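Fold and geometry: a report
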Amino acid sequence: MLLVSELIGSTDPSFSAGNDIEKMVTAGINRVLSMQTPSGGFGYWPGDVRPHPWASAFGTHFLLDAKKAGYPVPKERIDASLDWMDRELGGKSGSTIASAAGNYHGFTGGSTQSYMLFVMSLAGRPRTAQVQSLLDALPKDVKGSDVELKLQLQAALWMAGDRRYEKELKSTKLPSDNVRFNDDTFFSNRRLRGFALNTMQDLFGNDPAGEPLAEMIGRDLSGDPSVSSCTQELIWNVAGLGKRVKGAAASFKPGVLVADGKTLQPQAPKGGATRLSDRTFNLARAGERKALKLEVEDPGSGSLYLVINSEGIRTDGKFRVGGEGLRLSRTWRALDGTEIKPSFNGTALADLIFVELTLANTSGKEVKNVALVDRLPAGWEIENPRLSRGTTVDWAEPEEQWKVDYMDVRDDKLAVFGTLAAGQTVKVVYAVRAVTAGTFAMPPADASAMYDPSIWARTEDGSVEISGPWAGFLL
């Protein structure tokens, strides 16, 4: 018998192991395929025409996993990426491994090369001589990101039929701290542990040797909120645990969920598929239940896992403002540069407003892959996200504007991504138009290092008042 009420808390969630997984995975596959370039490799940003070495390995790895799980992935698209990586690893194109000058984002050798070789072996196209050469060049006492590099190379050889390093691959003697590298390797020890478990599951299935690592990762994820981890850490940790849970799920009899004395059976699998859905419960307003118990009569052998996914809105939701390593401020201006306060001055329908975001790097070091996101109140629409392409204003100095790597414009937000040198201060200025009358919530703007969540900044929230043409006639 497993008690779950304490795990759910009091935020009015639903109790479920997931929603429509099929649709989410298919959307992910299509998203990755949309990033493929004409030469076969994958771009770093949407719309890229040049392949990115690390992104190509990462995207291909995902597609191989999806295909192995039974999802429809065009074989020719995977083959095109593998062909591109094969040429790169052979130094035939001279654009990445062979020549750093033509290497987009500075990826050359090291962890990117080992990851590409790992994926090639995973796809059944190993380059064993090259793998062994890189492995032999490593020092005996590897540290930092070289631990991950060594793991990738040894696994590449194992998948090619070389079993010499099986004992080392099953070892769980990995760093237990959360050291991160704020560079283009996206490395952290937390990611390393997730990648190691994911690889162990692929190579050895639910071997008992992986259990201590799975337990460590479980503690990591349950001990900290998800915002404490970057996407790379979450992806690999959840993927590794997911594969391990899936391997154990068929060995026990489905239980029942008892909510306030009422027994609920697992949801039936969709389309007759035999997936985890036959052990999935969905309970609305679970936080209002006085007692929740999951009863499993026959748990079978091995470990039994409970995965809880809760959705809802906190009644006392709060967010941190300020920052660590970054400083962010937001100012609103009229066309002539005069500062305005949308929550006090008020604006009228069709007014043009300029949003000025000022971002400073106070960390004392270069910070790469910084994401700056400004969410719009419902009454505003983005008029011009790039002042250099059309509307210009005298008070916005061109040299102060952030030279970003990528800009993503949505109906409800503007997101820009780039690098900040140590001590650098930049600005992002864009225009919005008031399109709907009323009073609307103004979400905070925030910035963070995408692969180091400890570096962040966030402004306060507020409100916006937009008056209609009838405002003067109201008493």
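All of the points below concern the structure found in this document. (Residues numbered from 1 in each chain as written. Predicted model: local features only at pLDDT ≥ 70, side-chain atom pairs only at ≥ 80, totals over all residues. Heavy atoms only, no water.)

With respect to helix α9 (residues 189-204)
If you check α9, its first and last C-alpha atoms are 22 Å apart, about what 16 residues at 1.5 Å a residue would give, namely 22 Å. Judged by how many residues are buried, α9 sits mostly within the fold: 15 of 16 residues are covered. (Helix = DSSP H or I, 4+ residues; strand = E, 2+ residues; numbered from the N terminus. Expected span 1.5 Å × (residues − 1). Buried < 20%, exposed > 50% of the residue type's maximum accessible area, 1.4 Å probe, protein only.)

Focus on the sheet that holds strand β18 (residues 462-467)
An order of β8-β18-β15 is seen for the 3 strands of this open sheet, with the pairing classed as mixed. Of all the strands in the sheet, just β8 (347-348) and β15 (438-442) have a single pairing partner and so form its edges. Strand direction decides the pairing type here: β15 and β18, joined by 5 bridges, are antiparallel. Paired with Gly-438 across the two strands is Ile-466, which belongs to β18. (Pairing = 2+ DSSP bridges.)

Points about the packing of helix α7 (residues 145-159) against α9
As a packed pair, α7 and α9 sit with axes 11 Å apart at the nearest point and diverge in direction by 10°. It follows from the interaxial angle that α7 and α9 lie roughly parallel. Across the interface between the two elements, Val-147, Glu-148, Leu-151, Gln-152, Ala-155, Trp-158 and Met-159 from α7 touch Arg-191, Leu-192, Phe-195, Ala-196, Thr-199, Leu-203 and Phe-204 from α9. Considering only residue class, the contact of α7 with α9 consists of 10 nonpolar, 2 polar and 2 charged. (Axes fitted to C-alpha atoms, helices over the stretch in contact; angles between N-to-C directions. Parallel < 35°, antiparallel > 145°, perpendicular 65-115°, else oblique. Contact = heavy atoms within 4.5 Å. Nonpolar A, V, L, I, M, F, W, Y, C, P; charged D, E, K, R; others polar.)

Side note on unusual backbone geometry
With a phi close to 80°, Ala-350 is a non-glycine residue in the positive phi region. For Ala-350, the location among the structural elements is in the loop between β8 and β9 (352-361). The partly exposed category is assigned to Ala-350, whose relative accessible area is 47%.

Considering the pattern of salt bridges
Considering all chains together, one arrives at 24 salt bridges under this definition. Arg-191 is the partner of Glu-148 in a salt bridge, and the nearest nitrogen-oxygen pair spans 2.5 Å. Here Glu-148, found in helix α7, pairs with Arg-191, found in helix α9; they are 43 residues apart in sequence, far enough to count as distant. The residues Glu-148 and Arg-191 share a single accessibility class, namely buried. A salt bridge links Arg-244 to Glu-211; the shortest N-O distance between them is 3.0 Å. Remark: Glu-211 occurs in helix α10 (residues 211-223) and Arg-244 occurs in helix α11 (residues 231-249); sequence separation between them is 33 residues. Summarising the burial analysis for this pair, Arg-244 and Glu-211 share the class buried. Salt bridges sharing common partners tie together Asp-83, Asp-86, Arg-125 and Arg-127. (Salt bridge = Lys/Arg side-chain N within 4 Å of Asp/Glu carboxyl O.)

Some words on the packing of aromatic side chains
Counted under the stated rule, the structure contains 17 aromatic pairs. Aromatic side chains Phe-186 and Tyr-451 sit 4.3 Å apart centroid to centroid with 45° between the ring planes, which places their arrangement in the tilted category. On the criterion of sequence distance, the pair formed by Phe-186 in the loop between α8 (166-169) and α9 and Tyr-451 in the loop between β16 (445-449) and β17 (452-458) is long-range, its members being 265 residues apart. According to the relative accessible area criterion, Phe-186 is buried, its value standing at 1%. Members of the aromatic cluster, joined through ring pairs, are Tyr-44, Trp-45, Trp-54, Phe-58, Tyr-115, Phe-118, Phe-186, Phe-195, Trp-236, Tyr-406, Phe-417 and Tyr-451. If you follow Arg-163 out to its NZ or CZ, it ends over the ring of Trp-158, 3.8 Å from the centre. One Lys or Arg, Arg-333, reaches over the ring of Trp-395 and ends 5.6 Å from the middle of that ring. (Phe/Tyr/Trp six-rings, centres within 6.5 Å; stacked < 30°, edge-to-face > 60°. Lys NZ or Arg CZ within 6 Å of the ring centre and 35° of its normal.)

Regarding the environment of Asn-182
Within the secondary structure layout, Asn-182 lies in the loop between α8 and α9. Spatially, the C-alpha atom of Asn-182 lies 9.4 Å from that of Lys-365, the residues being 183 residues apart in sequence. Aside from chain neighbours lying at most four places away, what touches Asn-182 is Glu-366, Val-367, Lys-368 and Ile-455.

Some points on the sheet that holds β16
Sheet strands pair by backbone hydrogen bonding; their relative direction is either parallel or antiparallel. The strand order across the open sheet formed by 6 strands is β5-β17-β16-β10-β13-β12, and the pairing between neighbours is antiparallel. Of all strands in the sheet, those with a lone pairing partner are β5 (322-324) and β12 (406-409), marking the two edges. Taken over all neighbouring pairs, the strand axes of this sheet differ in orientation by 20° on average, direction set aside. Pairing analysis gives 3 bridges linking β5 to β17, with the strands arranged antiparallel. Along β17, the bridge assignment pairs Gly-323 with Ala-457.

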